[in-house]
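# Coordinate inspection notes
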Amino acid sequence: MAKIPIQLQTGQVEKSKTKKDYIIGIDLGTTNSLVAYVSEDQPKAVKDRSGKHTLVPSIIYFDAQGDVIVGEEAKKQLVRHTDRTIFSVKRLMGKSYADVVQMRDFLGYRIIDHDDESLVRVAVDQRYYTPIELSAHILRALKQQVEWHLGTSVTKAVITVPAYFNDTQRQATRDAGKLAGLDVLRIINEPTAASLAYGLNRTDHKTIAVYDLGGGTFDISILRIEDGIFEVLATRGDAFLGGDDFDRAIFDYWIEQYNLQNRLDHQKSYSQKLRLLAEKAKKTLSKDDIFSAQLDGLVLSISREVFESLIESKIDRTMCLLRQALIDARLEIGQIHDIVLVGGSTRVPLVRKKLLKHFAAKVHDELNPDEVVALGAAIQADILAGNQKNMLLLDVTPLSLGIETIGGLMDTIISRNTKIPISAARNYTTSVDGQTNLKIAVYQGEREMVQDNRKLGEFILSGIPPMPAGIPKIEISFMLDADGLLRVRARELRSQTEQTVSITSTYGISDEEMGKMLIESIRYAKSDIAQRSLVEAINESNAILLASDKFLNNNADWLSAQQVQKVKQLHDQLLDAIRQNDKDSILRAQEALNQYTEPLAQIALEKTIKKAITGKKI
Ligand code: ADP
Ligand code: MG
């Protein structure tokens, strides 16, 4: 058994001075992944065994025996073994087959419709792998790499994900960590990590843009940092725009310029060789003005000027998305103080040039753009290890969370853009006498009716002691942790009946879908609100009708026939109005019934009081 040193005066656990318990930071990327840790207050990216690279290509190769190779060696197999070399796993995380089927051609390997509701699977020979298992292979390789480097075992990690990742995608990432033997202490947003690496959290308040151009994806995030708290104001991006497109632009240019179509048709491996050379040319042009090399006896060259003309429209598109993100965040260009460059493709000089031209902000490129996310994750890990005081990290929830109430209404418990972690609770009651069960259906979205939102799950609070409608006090609490994972608890306060569930939805939504949900919530706002007030009026009327029935029953002994008749008539008028679904006439009928019964209710109350007093025989 391990001994834990405790400071007797303070009761605090003392940190062991001999063996350091490292918490590592991992950037699990679409194209490349890497691991970093903090040593003597400095974050350091870990090199692989060759001592050359910190980046590990996020590629997994399964050989015929089912053995697994990850990284550079796996990347080499991409040419010959397309069907057993898996790349871009991150695009599949938390997704169902239906979510990703349109990417089938792009992926090259086989994806399987295992079952509609659950995660998509990747087929290699006769085996099926979930994206979680595949990501776990990458994480395991990183874990081994850092353990080899440190000479000690490592079990705790912080892993980064894109800001737009939803609950399911975050949970999938966390599960992958677990599968790789890592205790994932926190999932943090990539842009947040990048800004941490630049120490931008140490300012009072700042609004920054994180511009992340990777191998295949572009992400822009607008963050507000206030007193060390990060808030994601907006995210935009393009899931198919990145360095790969720049390679392809050079590739296509060479084919045309040197008439290579013939070679391409006749030599199978030529295409891949040309592609790799194109990437090399691109990287060279980040520092030199011209690139030239021989391939199969032919000299291929390209100048930076030509290269820039080929990719300019792509880079302009990123500028456009950045502007749109600013509009989403309701900010003017001048309100952005800093732009942080992330991703290997921001090394392309034209990116920096354009940013400087269009924005007045300070552009941060001092740190290695393909390491900066992992470095930030390592800093976060160090904060969690308690080595950096006074630091707190917070993100926000991108969509509102709530439950369904009577009539299919969405009742928001945690609203969109709330800083997390957060817990919030609301009280509800039953609508039927003697009700012992209550169904709690949890939804995500901005629309007024749950049918227009996304259902995350449901459960039943059972064992409520039978009580008249409206008497039970049922508290529903939502606890959203720092990773954006939701726990829902329902509790009947009078009897302490309780039920808790963790909500992890069955499959994810894409960021486009999320965007669509937000846009629709605005588009339908007016009709949604009308619909909500109608449903609310109906709900209230039903309660009033129930109460008036009860009233007639309980007071039959003294009400005159004429009074009973009148109540019944107004009751039926309200019922009619409800059937017609017309809010105004419902409200009028409600009013009429209320007005007539109010004085009667007063009399009934006085009678009850009198009875109670005489009953007690004062
Ligand atoms: P991801 O975040 O998608 O995993 P990275 O941030 O590692 O990806 O970026 C990978 C991309 O960066 C690749 O397309 C690679 O060619 C490109 N890249 C790396 N170094 C350079 C460079 N010096 N100049 C231009 N592009 C580069
Ligand atoms: Mg990245």
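Residues numbered from 1 in each chain as written. Chains lettered and ligands numbered in written order. Predicted model: local features only at pLDDT ≥ 70, side-chain atom pairs only at ≥ 80, totals over all residues. Heavy atoms only, no water.

### Quick notes on the packing of helix H7 (residues 243-257) against helix H10 (residues 304-328)
We apply this condition: Angular values range over 0 to 180 degrees, each being the angle between N-to-C directions of two axes fitted as lines to C-alpha atoms, with helices fitted over their stretch in contact. Segments assigned H or I by DSSP are reported as helices when at least four residues long, segments assigned E as strands when at least two residues long, and all are numbered from the N terminus. Roughly parallel covers angles under 35 degrees, roughly antiparallel covers those over 145, roughly perpendicular covers 65 to 115, and oblique covers all other angles. A crossing counts as left-handed when the near helix is turned anticlockwise from the far one by less than a right angle, and as right-handed when that turn is clockwise. Working rule for contacts: check all heavy atoms of both residues, and any pair within 4.5 Å makes them a contact. Residues are grouped as follows: Ala, Val, Leu, Ile, Met, Phe, Trp, Tyr, Cys and Pro are nonpolar; Asp, Glu, Lys and Arg are charged; all remaining types, including Gly, are polar.
Contact geometry of H7 with H10 gives a least axis separation of 10 Å together with a crossing angle of 135°. With respect to H10, the element H7 is oriented oblique. In this structure, H7 crosses over H10, and the sense of that crossing is right-handed. The residues of H10 that touch H7, namely those facing Asp 245, Phe 246, Ala 249, Ile 250 and Tyr 253, are Val 306, Phe 307, Leu 310, Ile 311, Lys 314 and Ile 315. When the residues that make up the contact of H7 with H10 are grouped by side-chain class, the tally is nine nonpolar, no polar and two charged.

### Points about the sheet that holds strand E15 (residues 229-238)
Strand pairing in a sheet is mediated by backbone hydrogen bonds. Such pairs are either parallel or antiparallel. Quick reminder of the rule: A pair of strands is treated as paired once DSSP finds two or more bridges between them.
The five strands are arranged E15-E14-E13-E18-E19 in an open sheet whose pairing can be described as mixed. Each edge of the open sheet carries a strand with a single partner, namely E15 and strand E19 (362-364). Between one strand axis and the next, the sheet turns by 20° as a mean value, whatever way the strands run. When strand E13 (residues 205-213) meets strand E18 (residues 338-342), the two strands line up parallel, connected through five bridges. Residue pairing in the sheet places Tyr 211 in a bridge with Leu 341 of E18.

### Some remarks on the site of ligand 1
The condition that has to hold: The near set for a molecule or strand comprises every residue that places at least one heavy atom within 4 Å of it. Definition of a polar contact: a pair of N or O atoms within 3.5 Å, with one able to donate and the other able to accept a hydrogen when the atoms are protein atoms, and with sequence-neighbouring residues admitted only if both atoms are side-chain atoms. Using a 1.4 Å probe, accessible areas were evaluated by the Shrake-Rupley method; residue-level cover was limited to the displayed protein chains.
Taken together, 17 residues lie around ligand 1, and Thr 31, Asn 32, Glu 279, Lys 282 and Ser 286 are the ones closest in. One of the backbone nitrogen or oxygen atoms of Thr 31 is found 2.8 Å away from an oxygen atom of ligand 1. At a separation of 3.0 Å, an oxygen atom of ligand 1 approaches a polar backbone atom of Gly 344. The protein chains hide 90% of the 580 Å² of surface that ligand 1 would expose on its own. For the shell around ligand 1, the secondary structure elements donating two or more residues are H7 and helix H9 (270-284). The biggest single contributor to the shell around ligand 1 is H9, with three residues. Across the shell around ligand 1, the residue classes break down as one nonpolar, 11 polar and five charged.

### Focus on empty space enclosed by the protein
This is how it is decided: Using a 1 Å grid laid over the protein atoms alone, points where a 1.4 Å probe fits but cannot get out form a cavity; open sets with protein on both sides within 12 Å along at least 5 of 7 lines form a pocket; any residue with an atom within 4 Å of a point counts as lining. Grid points are joined across faces, edges and corners, and a volume is the space filled by probe spheres set on the points.
Per the stated rule, a full pass over the model turns up five cavities of 30 Å³ or more. For the largest cavity, the calculated volume is near 80 Å³. Residue lining of the largest cavity: 14 residues in total, with Leu 28, Gly 29, Lys 90, Met 93 and Ser 135 positioned closest to the centre. For the lining of the largest cavity, the secondary-structure elements that each account for two or more residues are helix H4 (131-150) and strand E11 (156-161).

### So, the nonpolar core
One broad trend across soluble globular proteins is that nonpolar side chains are buried collectively. What counts is decided by this rule: Only buried residues count toward a nonpolar core, which is a set of Ala, Val, Leu, Ile, Met, Phe, Trp, Tyr and Cys residues joined through side-chain atoms within 4.5 Å. In this scheme, a residue with accessible area under 20% of its type's maximum is buried, one over 50% is exposed, and one in between is partly exposed, where area comes from a 1.4 Å probe on protein chains only. The split of the chain into domains comes from an automatic or database domain assignment.
Grouped together as the largest cluster of nonpolar side chains are 49 residues, with contacts concentrated most on Tyr 211, Ile 222, Trp 254, Leu 274, Ile 302, Ile 339 and Leu 355. Among the elements that make up this core, the one with the highest residue count is H10 (eight residues). A domain split of this core shows at least three residues from each of domain 2 (200-240 + 320-368) and domain 3 (243-309). Ile 339 has contacts with Ala 209, Tyr 211, Leu 355, Phe 359, Ala 361, Lys 362, Val 363 and His 364, leaving out every residue within four places of it along the chain. Among the nonpolar cores identified, the runner-up in size contains 48 residues, and Phe 62, Ala 157, Val 184 and Ile 187 belong to it.

### Observations concerning the pairing of strand E9 (residues 121-124)
The side chains of a regular strand alternate, residue by residue, between the two faces of the sheet. As paired elements, strand E8 (residues 110-112) and E9 share three bridges and run antiparallel to each other. Pairing of Arg 110 across the sheet is with Ala 123, part of E9. By the bridge criterion, three bridges tie E9 to strand E10 (residues 127-129) in an arrangement that is antiparallel. Bridging from a neighbouring strand, Val 124 pairs with Arg 127 of E10. Between E9 and E10, which pair antiparallel and follow one another directly, the connecting turn spans two residues, one of which, Asp 125, has a positive phi of 50°.

### Details of unusual backbone geometry
With phi around 50°, Asp 125 is a residue other than glycine that occupies positive phi space. Its location among the elements puts Asp 125 in the loop between E9 and E10. Its relative accessible area of 38% is what places Asp 125 among the partly exposed residues. We note that Asp 296 has phi near 50°; this positive angle belongs to a residue other than glycine. Mapped onto the elements, Asp 296 comes out in the loop between strand E16 (290-295) and strand E17 (298-303). In this structure Asp 296 comes out as partly exposed when scored by relative accessible area, which is 37%.

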